[in-house]
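The primary structure of each chain is shown beneath.
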Amino acid sequence: MSPKTICLTSGKGGVGKTSLTVNLACALSRQGVRVLVVDGDLGLANADVLLGLTVTHTIRHLLEDDRDPMETLIFPEPQLAVLPASSGVPDIVNLGPDDQERLSRILRTLAAGFDLTLIDTAAGIGPSVLWFGALADQLILVVNPDPTSLTDAYALIKVLAQEYQRREFHLLLNAVRSDDEAFQTFDTLAQVATRFLRVEVLYLGSVPQDPAVTRSVREQTPFVQRFPRSKAALAVAALAARLSQDRALAL
Ligand SMILES: Nc1ncnc2c1ncn2[C@@H]1O[C@H](COP(=O)(O)OP(=O)(O)OP(=O)(O)O)[C@@H](O)[C@H]1O
Ligand SMILES: [Mg+2]
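In what follows, the accompanying structure is described. (Residues numbered from 1 in each chain as written. Chains lettered and ligands numbered in written order. Predicted model: local features only at pLDDT ≥ 70, side-chain atom pairs only at ≥ 80, totals over all residues.)

1. Concerning the site of ligand 1
Near ligand 1 there are 19 residues, and of these Gly13, Gly16, Lys17, Thr18 and Ser19 occur at the shortest range. Among the elements of the structure, helix H1 (17-30), strand E7 (168-176) and helix H8 (211-219) are those that each provide at least two residues to the shell around ligand 1. Taken together, the residues of the shell around ligand 1 break down into seven nonpolar, nine polar and three charged. (Near = placed C-beta within 6 Å. Helix = DSSP H or I, 4+ residues; strand = E, 2+ residues; numbered from the N terminus. Nonpolar A, V, L, I, M, F, W, Y, C, P; charged D, E, K, R; others polar.)

Okay, here's the thing in structure tokens:
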């Protein structure tokens, strides 16, 4: 397995990026994949919150001190590491070119120690989203069936395609009420993006709307652990199994 970096991002906020990143990472690590989660939501970090972790050092400390990046990682499980951001990390634009270069070098070094790195970003088309989006090997766009989620995803694809020459986007449909709704939502976005932006939009999978997700957020425990038989957990476990086999996308 060669190390790969996948960025989970979205145009619209609150569509489930952090929940899916954390749970996908847990499911993958339980299937024997060594996973690093990078909290790329520098302003409003919360991957650590969803895992109930106590953070002492963050990306900010990495840039301020010359500490060993490995010391900043938290291991909720032996095969799963988290690089926390915590709130208050300056946005990418405020870092300056030298620190940006340092951060990308640090991330590359850390990623080399894992089979897979998942980056959870903020929403929108702000500088940090585009920075992480440009850095990753693969992009997963998390989309839910709301029309605004689709229009915002289209806007993000447009910027990443036109300004960063990204050509391939994997869509992960979240909070769907049926497979049909997932396919239809995918189809709507894929058709316009393919036609007007000349990009390739691929269907990665879907996760159902499920109260287990909200409960697990409140309990700060991943739903794949806390509610392993829930519909959302089964969907994420199936997705993890596919990702760990599908070398074309992830590994
Ligand atoms: N499949 C789902 N079923 C039910 N609720 C969900 C599902 N996915 C996400 N949610 C709800 O949406 C909320 C937002 O999820 P999450 O924080 O993962 O989104 P996000 O995209 O990371 O948001 P932000 O853009 O603010 O970073 C969660 O607290 C959860 O309650
Ligand atoms: Mg988030």
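2. Here's the deal with the sheet that holds strand E3 (residues 74-77)
Spatially, E3-E4-E2-E5-E1-E6-E7-E8 is the arrangement adopted by the eight strands of the open sheet, whose pairing is mixed. Edge positions in the sheet fall to E3 and strand E8 (200-208), since each has one partner strand and no second. Pairwise comparison of adjacent strand axes, ignoring direction, gives a mean angle of 25° for this sheet. The pairing of strand E2 (residues 35-40) with strand E5 (residues 116-123) spans six bridges and is classified as parallel. Counted as the bridge partner of aspartate 39 is aspartate 120 from E5. (Pairing = 2+ DSSP bridges. Axes fitted to C-alpha atoms, helices over the stretch in contact; angles between N-to-C directions.)

3. Concerning the packing of helix H6 (residues 147-164) against helix H7 (residues 179-197)
Between H6 and H7, the least distance of the axes is 11 Å, while the angle of their chain directions is 30°. Crossing geometry of H6 relative to H7 is assigned as right-handed. Residue-level contacts link Leu150, Ala153, Tyr154, Ile157, Lys158 and Ala161 of H6 to Thr185, Thr188, Leu189, Val192, Ala193 and Leu197 of H7. Across the contact of H6 with H7, the residue classes tally to nine nonpolar, two polar and one charged. (Left-handed = near helix turned anticlockwise from the far one by under 90°. Contact = placed C-beta atoms within 7 Å.)

4. Focus on the pairing of strand E1 (residues 4-10)
In terms of burial, E1 is largely enclosed, as six of its seven residues are buried. When E1 meets E5, the two strands line up parallel, connected through six bridges. Looking across to E5, one finds that lysine 4 is bridged to leucine 116. Examined bridge by bridge, E1 and strand E6 (residues 138-143) share four bridges and lie parallel to one another. Bridging from a neighbouring strand, threonine 9 pairs with leucine 141 of E6. (Buried ≥ 20, exposed ≤ 12 C-beta atoms within 10 Å, placed from the backbone.)

5. Quick look at the nonpolar core
Ranked by internal contacts, the top residues of the largest apolar core, which has 76 residues, are Val35, Leu141, Leu171 and Val236. Setting aside chain neighbours within four positions, we find valine 35 in contact with Ala25, Leu28, Ser29, Gln79, Leu80, Phe114, Asp115, Leu116 and Leu118. (Core = buried A, V, L, I, M, F, W, Y, C linked by C-beta atoms within 7 Å.)

6. With respect to the environment of proline 211
Mapping proline 211 onto the fold places it in helix H8. Exposure remark for proline 211: the 12 C-beta atoms within 10 Å place this residue in the exposed category.

7. Description of the environment of glutamine 209
As for its position among the elements, glutamine 209 is in the loop between E8 and H8. Not counting residues up to four positions away in its chain, the partners in contact with glutamine 209 are Ala175, Val176 and Arg177.

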